[in-house]
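Coordinate analysis (summary)
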Amino acid sequence: MRKESRLIRWIWWIVAVTALFFLGFIIGWFAKPTHPHTADDNVSSKYLREFLDEMQPDQIRQHLRKFTRLPHLAGTEQNLKYAEQIQAEWQEFGLDSVEMVPYDVLLSYPNKSQPNYISIVDQHGNEVFNTSLSEPVPEGYEDVSNIVPPYSAFSPKGQPDGDLVYVNYGRTEDFFQLQREMNINVTGMIVIVRYGRIFRGNKVKNAMLAGAKGIIMFSDPADYWASGVQPYPEGWNLPGGGAQRGNVLNLNGAGDPLTPGYPAKEYTHRFSPEDGVGLPKIPVHPIGFHDAAHLLRNMGGQIPPNNWKGALNVSYRIGPGFIEDFKSQKVRMNIHTNNQVTRIYNVIGRIRGALEPDRYVILGGHRDAWVFGGIDPMSGAAVVHETVRSAGRLLHKGWRPRRTIIFASWDAEEFGLLGSTEWAEDNAKLLQERAVAYINADSAIEGMYTLRVDCTPSLNTLVYDLTKQIASPEEGEEGVSLYESWHKRDNWTNDRDAPRISKLGSGSDFEAYFIRLGIAAGRARYTKNKKTERYSSYPVYHSVYETFEIVERFYDPSFRRLRAVAQVRGGLVFLLADSQLLPLSADQYADSLGKYAQRIAQLAHRHPEEMEMFEVSFEALFSAVQNFTVAARDFHERLQTLNRADPLQVRIMNDQLMYLERAFIDPLGLPGRPFYRHVIFAPSSHNKYAGESFPGIFDSLFDIENSADPQKAWEEVKRQISIAAFTVHAAAMTLTPPA
């Protein structure tokens, strides 16, 4: 009887526990929210609005003022002081950690005791004309020391002399025209070219390949003057004594020339300086257009084509050499620049992610400037500073992003993207596993007309959605969104009814992250009206006249344009770091791939006979793009039914989106350019600034009609098509269900 009683008690106890379990389960089931992400999304949206509203024009103005008072060339004491100031202020703003990260890289400086200049010499070797040794210093800066004179960084030493030949912009096609149509060989001569159209390093490479023994570059008013605008300080045009500094490397993504592919730490093996990657072999020097007019005034030789003529009051004759009365005169370059290994410092700040601390969103821009850097880069650095300050305010209110945010103040960008590339090399394994996106923060303003965005296609929709939440900074457009203002001024008419978004090229710090590591990337800035303002970049680019005052007086007196750029850059970082589902679009990528494939095929079809003869077909690429399009569509359909209450399922889908850009990386790199590994996007081989789609195919088709071995050339085209087809198909596979 006692045993039966005990058994009955056990049965009742089991029944009671089971009943309570089911009751708890039922209560829990019905208490579960239908859309568990809604509350989180609302909180994130509230904080986004607070974040954007926190950014203030007057704060940006103050940041720009304090970081442009003195010259701060990479490797100098003043640039280190600014790094230390940025570190201290980011800590005060409330970041979780801020560190200085040093590297020892090859930099290049003029010789203070032997200045660089160009001279015209007579038959006895006497100098009859010398170019200026420095630029006239702008008003208010007369007592400032350490203003580096105009020079071409990494130019080798040398004093070559010879006849001068004018080669327009120094582009590949200009040298082809010179040789093939004008029958002029520049071997052993000094060439002079206009700045503009392409990266200066490409001009130097082209001159070297053509056999020149020196190259002079100048800023022609046709390329660096806006119509109806006075030279600085009365306006924002380049004075005649102004000249563009800049590096003349051809690194192709290698980073420090002495440690290509690896971080330039103390223990790193270094090449000897003469064996450094991408260093020019001929002397190079920049001059202003007043000096250029003296060199060009007495040129002899052929009259140039009209599209080779600039806006100076000279004939622009090609040469070689001068007209009869001056035939005995030659041009001599006097270049004494020194290359030296120098320590540089990146500043890296972090906000630790609350839920996914192992996923990184990076906002990076450089700090080093050729002189004061009023536009390049400090308009961008001021925007980063304000973004950090605003993020710190949110942290004080209790906000913390879902993912980790990394802020970077890069050093030595002007010397070949060195600070950002060395840090990318140093952290490549981590970044390949953990980086969600990189938003670039170089110059924030280069014109006064509208927004400009360059980004990977997966960011397009996010950019459009964000700019609809930001106010236009333009007077008379109160109540108008930035999206509407941008759309009105720069419609993407040939592709869609939306504002234009451009491909990423290079020439700024996103290069290693996007083109080498395959991290989704984008950049935003305020720009000019490209339809009416035909000058290159902006007139005072890399000159002493890039001051705080040129921004305050002309480019953005209210600083509302800079705030709009801060809101775009900061908003992108916020949404990429705080959205539950990554706001990246595989559909947009598919749409772009289709257009890129059609365009590159059309380029090849300019040679129909050769395509038929060598059996060249793009069908494999078109098929791969179609596979990718279907995979992207199916992926986004699965996103619609995703159980967002399941963190594992969310993580799986997010990882597929994050790693999509990585899928376009070819570890072997592009032919002859091993650090450019993105099969869809890379800088043009003939212009580092311009982005090309399917660059491997594009480069193989370039000037193919003049190939010495057509069969070999078209075989390379076929090989590049197959690589592109494989890569696109492989990327499509990454979007399919994991199992």
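Just so we're clear, the structure is a prediction, and the values are computed from it rather than from any experiment.

1. Quick notes on the overall build of the protein
Check the secondary structure of the protein and you find 22 helices and 20 strands. In terms of overall size, the protein behaves like a compact globule, its C-alpha atoms giving a radius of gyration of 29 Å where 739 residues would be expected to give roughly 27 Å. In the protein, which comprises 739 residues, the proportion classed as buried is 60%. Looking at the protein alone, contacts between residues at least 24 apart form 78% of all its contacts between residues at least 6 apart. Here the protein displays about 30,000 Å² of accessible surface, and carbon together with sulfur accounts for 52% of that area. One way to put it: in the protein the 78 positive side-chain charges average out to a point 5 Å from where the 87 negative ones average out.

2. Some details on the pattern of salt bridges
Per the counting criterion, the structure on display carries 44 salt bridges. A salt bridge links K46 to E50, with the shortest nitrogen-to-oxygen separation between them at 2.9 Å. Here the residue K46 and the residue E50 both occupy positions in helix α2 (residues 38-54), the gap between them amounting to 4 residues, near one helical turn. Residue classification places K46 among the partly exposed residues on the basis of a relative accessible area of 45%. Between E266 and R343 there is a salt bridge, and its shortest N-O distance comes to 2.9 Å. Residue E266 is found in the loop between β9 (246-247) and β10 (284-287), and its partner R343 is found in strand β12 (residues 338-351); the two are separated by 77 residues along the sequence. A relative accessible area of 31% places R343 in the partly exposed class.

3. Observations regarding the sheet that holds strand β18 (residues 520-527)
Read across the sheet, 8 strands follow the order β1-β12-β14-β13-β15-β18-β16-β17 without closing on themselves; strand pairing throughout is mixed. Looking at the sheet topology across the chains shown, the edges are occupied by β1 (97-109) and β17 (501-502). As paired strands, strand β16 (residues 450-455) and β17 are joined by 2 bridges and run parallel to one another. Bridged to V453 within β17 is I501. The strands touched by helix α4 (residues 77-93) are β1, β12 and β14 (403-410); relative to β1, the strand with the most contacts, the crossing angle is about 165 degrees.

4. Notes on the pairing of strand β13 (residues 356-366)
Along β13, 9 of the 11 residues are buried, which leaves the element largely enclosed by surrounding structure. After leaving β13, the chain enters helix α9 (residues 378-396) and then returns to the sheet as β14, a path that is right-handed. Across 5 bridges, the pairing between β13 and strand β15 (residues 435-440) is parallel. The partner of I362 across the bridge, within β15, is Y438.

5. Considerations on the packing of helix α5 (residues 172-180) against helix α6 (residues 200-210)
Interhelical geometry of α5 versus α6 gives an angle of 30 degrees and a closest axis separation of 9 Å. Here α5 is positioned roughly parallel relative to α6, judged by the angle of their axes. Helix-helix and strand crossings are classified by hand; for α5 and α6 the assignment is right-handed. Contacts from T172, F175 and Q179 in α5 reach N206, A207 and A210 in α6.

6. Side note on helix α17 (residues 586-604)
Taking 1.5 Å of rise per residue, 19 residues should cover 27 Å, and α17 covers 27 Å from first to last C-alpha, within 8% of that figure. Looking at α17, one finds that the buried residues are A586, Q588, Y589, A590, S592, L593, Y596, A597, I600, A601 and A604. Sitting at the amino-terminal end of α17 is S585, which places a side-chain oxygen 3.4 Å from the backbone nitrogen of D587.

7. Focus: unusual backbone geometry
Omega for the bond connecting Y232 with P233 falls within 30 degrees of zero, at 15 degrees, which places this linkage in the cis form. P320 follows G319 through a cis peptide bond whose omega is 5 degrees. Inspection of the secondary structure assignment puts P320 in the loop between α8 (289-296) and β11 (330-334). For R197, which is not a glycine, the phi torsion comes out positive at approximately 70 degrees. Tracing the backbone through its elements, the reader meets R197 in the loop between β7 (190-194) and α6. Given the relative accessible area of 51%, R197 is considered exposed.

8. Notes on the confidence of the model for the protein
Do not read the fine detail of predicted coordinates wherever pLDDT is low. Chain-level pLDDT for the protein is 95 on average; 94% of the residues reach the 70-or-more range. Per-element confidence in the protein is highest for β14, whose mean pLDDT is 99, and lowest for helix α1 (residues 2-31), whose mean pLDDT is 50. Predicted confidence is poor over residues 23-38, with pLDDT under 50, and the contacts of this stretch with residues over four places away or in other chains come to 4 contacts.

Here is what the cut-offs are and how they apply
Residues numbered from 1 in each chain as written. Predicted model: local features only at pLDDT ≥ 70, side-chain atom pairs only at ≥ 80, totals over all residues. Heavy atoms only, no water. Helix = DSSP H or I, 4+ residues; strand = E, 2+ residues; numbered from the N terminus. Rg over C-alpha atoms; globule rule 2.2 N^0.38 Å. Buried < 20%, exposed > 50% of the residue type's maximum accessible area, 1.4 Å probe, protein only. Contact = heavy atoms within 4.5 Å. Areas by Shrake-Rupley, 256 points an atom, 1.4 Å probe, with all protein chains shown as cover. Lys, Arg positive; Asp, Glu negative; His and termini not counted. Charge placed at Lys NZ, Arg CZ, Asp CG, Glu CD. Salt bridge = Lys/Arg side-chain N within 4 Å of Asp/Glu carboxyl O. Pairing = 2+ DSSP bridges. Axes fitted to C-alpha atoms, helices over the stretch in contact; angles between N-to-C directions. Right-handed = clockwise from strand over helix to strand, strands pointing away. Parallel < 35°, antiparallel > 145°, perpendicular 65-115°, else oblique. Left-handed = near helix turned anticlockwise from the far one by under 90°. Expected span 1.5 Å × (residues − 1). Polar contact = N/O pair within 3.5 Å; in protein donor to acceptor, adjacent residues only side chain to side chain. pLDDT = per-residue confidence, 0-100.

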